Amino acid sequence: MDNSVGNGKGARFVVKEAVARHGRSPSELIPVLTEVNQELGYLPQEALAEIGRQMHLPMSQVLSVASFYRMLSTKPRGRHVIQFCENAPCHVVNGRKTWQALLDELGLQPGETSADGKWTLLTTSCLGICGVGPVMIIDDDIYGNVDPKQLPDILARYA
Amino acid sequence: MQAIRALVLVSSDQESMARGAQQVFEQLQQQIKAFNLQDEVSVTMVGDVGRHDALPLVIVYPEAVIYGPIKPQDVPFLVEEHLLKGRIAAGLQASTRELSGRIAWLSARQGTLPAEQRIVLARAGLIDPEEIEDYIAHDGYEALGKALTGMSPAEVIEEVTKSGLRGRGGAGFPTGVKWRFVAQAKGSPKYVVCNADESEPGTFKDRLVLEGDPHSIIEAMVLAGYAVGANEGYIYVRGEYRLARDRLAHAISQAKQAGFLGKDIFGSGFDFEIHIHEGAGAYICGEETALLESIEGRRGEPRTRPPYPTTHGLWGKPTLINNVETLANVPPIIRNGAAWYRGFGTKNSPGTKVYTILGNVNMTGLIEVPMGITLREVIAIYGKGMRNGAAFKLAQTGGSSGSIIPASLQDTPMDFDSFARAGVSLGSGALLVCDEDTCVVDLAKVLLNFFRRESCGKCVPCRVGTQRAYETLTNITQGIASMENLDELLTLAKGLNEFSNCGLGQTAAVPIRDILRHFRAEVEAHISLRVCPTGVCPMSGQAAMAA
C-alpha cells in the first residue's frame, strides 16, 4: 500500500536509487536515510527494512539510526512542516509569546500533526539565524523577527 | 578576465535570502541589462558581510558604497544613479552606524566606528565564495604553497604551536599540541576531521566562514593533513547548513581542478582528499566522539574517553579534529608567521575571537575582535547599547554550554584564562545579552529543556538528570516548589557535572549552578514569596493548588 507514498515512487525503488548513489558501506547509512526521507517525506517501515536488506545491515541498526536524528522521521508528516526555534536566543526576544500564539493558532501541541494532514508542528534546536529571532521555518521558508500578529498571514500562505 | 568598471556585491547569507536578496539580485541583472551595462558591471552574490540590520546589502565597488536594506523596487533607481550616472543613489545608503566587519573597517576610515580585527573572517563578504580565483587573489593557498615547498611537517606544527592558537570550539585546547599528538600517534592511516556541526544555540560564526570563505577551510585541512601525516579529511557539516554544504562541495571540486587537492599537491608528492559528511540534526554530534560515531554511520552517542581521538579516532585510527574557526586561523599563521599572530589578543590567548551578539541589544550580529575585549565594550560599542535603554542583567556566553555572566563580571577580559579564573567560560562565542526583564529561572528552564531534548540518552546521569532538573525548574516557574528543591537541584547539578560521560551532561549543570550563585534571591522569591520578580513566570500552579 505504501508504495505510493511521497512523490509516487515506490519505497523499494527510492531505496535502490539511494543505495546505488551512496554505496553499501555502513558509513553511508545516514546519507541513504536522509535521501530516502527526502524522497518519501518520511521513513516508512518497509523502506527501513529495504535499506537493511540492500545495505546488509540489521534492522535494529537501521531503526536505531533513523530514530536518533531530528531530520529523519519514522512517522508520516503533514503537508507542511513548521519548525519553531525553542532556544534561548529566540526565547528572550519574545519567542515565548510567539510560540504560545502559534500553539493557539494551530491548536496543536509540539510533535503533533493536524487531523486534516496539513500541518506538523515541531520545535527545533538553534538554526543559526539568531540575529533575527524569533525564527520559524515552514518547509524551506525561513521567517525571522516573527511577531504573534503576523502568524495568521504567514500561515495563510500555505494551502 | 574581462576588465570591468564596477563590481556589485549582494549579500546572500540566509537572512538576506529570507529578506529577498535573490529578487534584488535578479532585478539588478535585469536593470543592468536594460541600461546595457552588462559588459562593464559585474554582479555577484556574496556570503555574509557582518551586521544583520540593513540586509540585504548591495555594495558597489570600487567606491565601496554600501546600500541597504535594498528592496527589488529600489534597484532601478540605484542602477540608474550609481552605475549609469556615477553618483551615489541618495537615500538608499546604509547608515554607517549600522555596519561592522570589513565594512566597519571601511567606514572606520571616516571615523565612525571602531575597527574590528578580522583574521578568520578577513575575506567573508569581500570575495565571491564560488570563485577560487577570488580566493587566490586574496592570498589564498599561499600558506599551503609555502608549507609544502619549504617547510617540513614538524616545522608547520612548530609554527602553529608557537602562535599560541587555542581551539575555538569551546575548550581552548592548544592547537599545536593536539597536532603533535596526532603526528606522533602510531597507526595508519590518519585522518583530519573538520567539526562543522555548529549547533550551539546562538552561534553561527562557522556558517559564515563556510558560506563566505570555504577555500580557507580546505587550505587549512590540507595543511593539517601535511603536518600530522594524513591523506584524507572529512568535513562534518550539520544537515541544516545547506548553503554551506553546497559551497564546500563546489570549492572542493574547484580545488581539485586547480591541483590544491588530490595527488602530488604543489609537486611535493603529498596527496590529500576531502569528503563532506552531512549531519541529520543532532546537537550531540558536535561532541567530537559522537561526531566520529555519526561519520561511521551510527547513532551520535559519545564514546568513552580516554582513549582520545588523537590516538583512537575515526575507524579507530589517529584522528585530528578541529573546529572551523580554529582551522580558519591556520593559513594566516603559516603565511604571516607565529610572531605576527601573537601581535593580536592577550599573552595566553593570542589572536581574535568571533562572537555573535544576540538578545536585548540595539544591534545583533557578528564581530571578530582581539581576545581580551570586555563584555561592557562589546555591548556598548558593537551592540550599540541595551535595547530601549534597559539595564544589563546578564549575558549567557557560548551557547547553551557556556556560562551566565552577571553584571559584576562585565569588565573581565574575555580570554580563556581570565574567564577560567572568574569561574566562567567563553564557550563557542555566542553572547546572549539579557536585560532586567529576563527571569533567570525561566532562562535556566529553557536551557535545561534544550539539554533534556538533546541528551543522547546513553548515560543515566545526563538522561535522567536533565529531565529531573527541567521538571524542578518548571515547578519553580509555577510557584509550586519548596526550598528543599533548591538543594536537590544543586545535588543534581553536581551529579550531572561529575558523572556524565560527555560535555553535554557536564555543562548542563552550569546554568543551575550559575543562577543559584549569582541570582539566588530571585530564585528564592519564586518559592518563598511565590512571586516572579520580573513577571515572566506564569506561577499558574499556585492557582491550581488553591482551587
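See the structure shown above.
Sequence order sets the numbering: in each chain, residues are counted from 1 along the sequence as written. Lettering of chains starts at A and numbering of ligands starts at 1, both following the order in which they are written. Thresholds applied to this predicted model are a pLDDT of at least 70 for local features of residues and 80 or more for the giving and counting of side-chain atom pairs; totals over whole chains, interfaces and linings are not thresholded and use all residues.

### Here's the deal with the overall build of chain B
Then, in step 1: Along the backbone of chain B there are 23 helices and 14 strands.
Then, in step 2: Projected onto its principal axes, the C-alpha coordinates of chain B cover approximately 75 × 60 × 40 Å.
Then, in step 3: Residue burial is a threshold on neighbouring C-beta atoms within 10 Å of the residue's own C-beta, all placed from the backbone, with 20 or more meaning buried, 12 or fewer meaning exposed, and counts in between meaning partly exposed. When burial is assessed residue by residue, chain B has 58% of its 547 residues classed as buried.
Then, in step 4: What counts as a contact is two residues whose backbone-derived C-beta atoms lie within 7 Å of each other. Counting only contacts in chain B whose residues sit at least 6 apart along the sequence, the fraction spanning at least 24 positions is 71%. In DSSP terms, a helix is any run of H or I states spanning at least four residues, a strand is any run of E spanning at least two, and both are numbered starting from the N terminus.

### Concerning the overall build of chain A
Then, in step 1: Each helix and strand counted, chain A has six helices and four strands in total.
Then, in step 2: Reading the helices (α) and strands (β) of chain A from amino to carboxyl end gives α-α-α-α-β-α-β-β-β-α.
Then, in step 3: Each of the three principal axes of chain A carries a C-alpha extent, and together these read 50 × 30 × 25 Å.
Then, in step 4: Per-residue burial over chain A gives 38% buried out of 159 residues.
Then, in step 5: A fraction of 63% describes how many contacts in chain A between residues 6 or more apart in sequence connect residues 24 or more apart.

### What about the packing of helix α2 (residues 21-34) of chain B against helix α3 (residues 75-84) of chain B?
Residues and elements named next belong to chain B.
Then, in step 1: Interhelical geometry of α2 versus α3 gives an angle of 50 degrees and a closest axis separation of 9 Å. When the axis of α2 is compared with that of α3, the two are oblique. The interaxial crossing formed by α2 with α3 has right-handed handedness. Along its contact with α2, which presents Val24, Gln27, Leu28, Gln31 and Ile32, the element α3 presents Val75, Pro76, Val79 and Leu83. Orientation is described by axes fitted as lines to C-alpha atoms, over the contacting stretch for helices, and by angles from 0 to 180 degrees between their N-to-C directions. Should an angle fall under 35 degrees it is taken as roughly parallel, and over 145 as roughly antiparallel, whereas 65 to 115 is taken as roughly perpendicular and any remaining angle as oblique. Here a crossing is called left-handed whenever its near helix is offset anticlockwise from the far helix by less than a right angle, and right-handed whenever the offset is clockwise.

### Things to note about the sheet that holds strand β5 (residues 191-196) of chain B
Residues and elements named next belong to chain B.
Then, in step 1: In this description, strands pair whenever DSSP reports at least two bridges between them. The five strands lie next to each other as β7-β8-β6-β5-β9, forming an open sheet whose pairing is mixed. Both edges of this open sheet fall to β7 (262-265) and β9 (319-323), since each of them pairs with a single strand only. Averaged over all pairs of adjacent strands, the angle between their axes in this sheet comes to 25 degrees, without regard to strand direction.
Then, in step 2: Examined bridge by bridge, strand β6 (residues 232-237) and strand β8 (residues 270-278) share six bridges and lie parallel to one another. Within β8, the residue paired with Glu232 across the bridge is Glu273.

### Here we look at the pairing of strand β14 (residues 430-435) of chain B
All names here are of chain B.
Then, in step 1: Burial analysis of β14 places five of its six residues in the buried class, which makes it a mostly covered element.
Then, in step 2: Taken together, the four bridges between strand β10 (residues 352-359) and β14 define a ladder with parallel strand orientation. Its bridge partner lying in β14, Ile357 is registered against Leu431.
Then, in step 3: Looking at chain direction, strand β12 (residues 392-397) and β14 are connected through five bridges and run antiparallel. Each bridged residue has a counterpart across the sheet, and for Phe392 the counterpart in β14 is Asp435.

### Regarding the sheet that holds strand β13 (residues 404-406) of chain B
All names here are of chain B.
Then, in step 1: In space, the five strands of this open sheet follow the order β11-β10-β14-β12-β13, with mixed pairing throughout. At either margin of the open sheet sits one strand with a lone partner, and together these are β11 (365-370) and β13. Across the sheet, the mean angle separating the axes of adjacent strands is 30 degrees when strand polarity is ignored.

### Here's the deal with α2 of chain B
All names here are of chain B.
Then, in step 1: Expected helix span is taken as 1.5 Å per residue step, with the number of steps being one fewer than the number of residues. Here α2 contains 14 residues, and its C-alpha end-to-end distance of 20 Å stays within 8% of the 20 Å for a straight helix at 1.5 Å per residue.
Then, in step 2: Those residues of α2 that fall on the buried side of the exposure criterion are Ala21, Val24, Phe25, Gln27, Leu28, Gln31 and Ile32. Projection of α2 onto a plane perpendicular to its axis shows the buried side chains occupying an angular sector of 165 degrees, all on one side.
Then, in step 3: Packed against the buried residues of α2 are β1 (6-11), α1 (14-18), β2 (41-46), β3 (58-61) and α3. The reported arc concerns the directions from the helix axis to the C-beta atoms and nothing else.

Interpretation note: all reported values are geometric properties and have no functional meaning in isolation.
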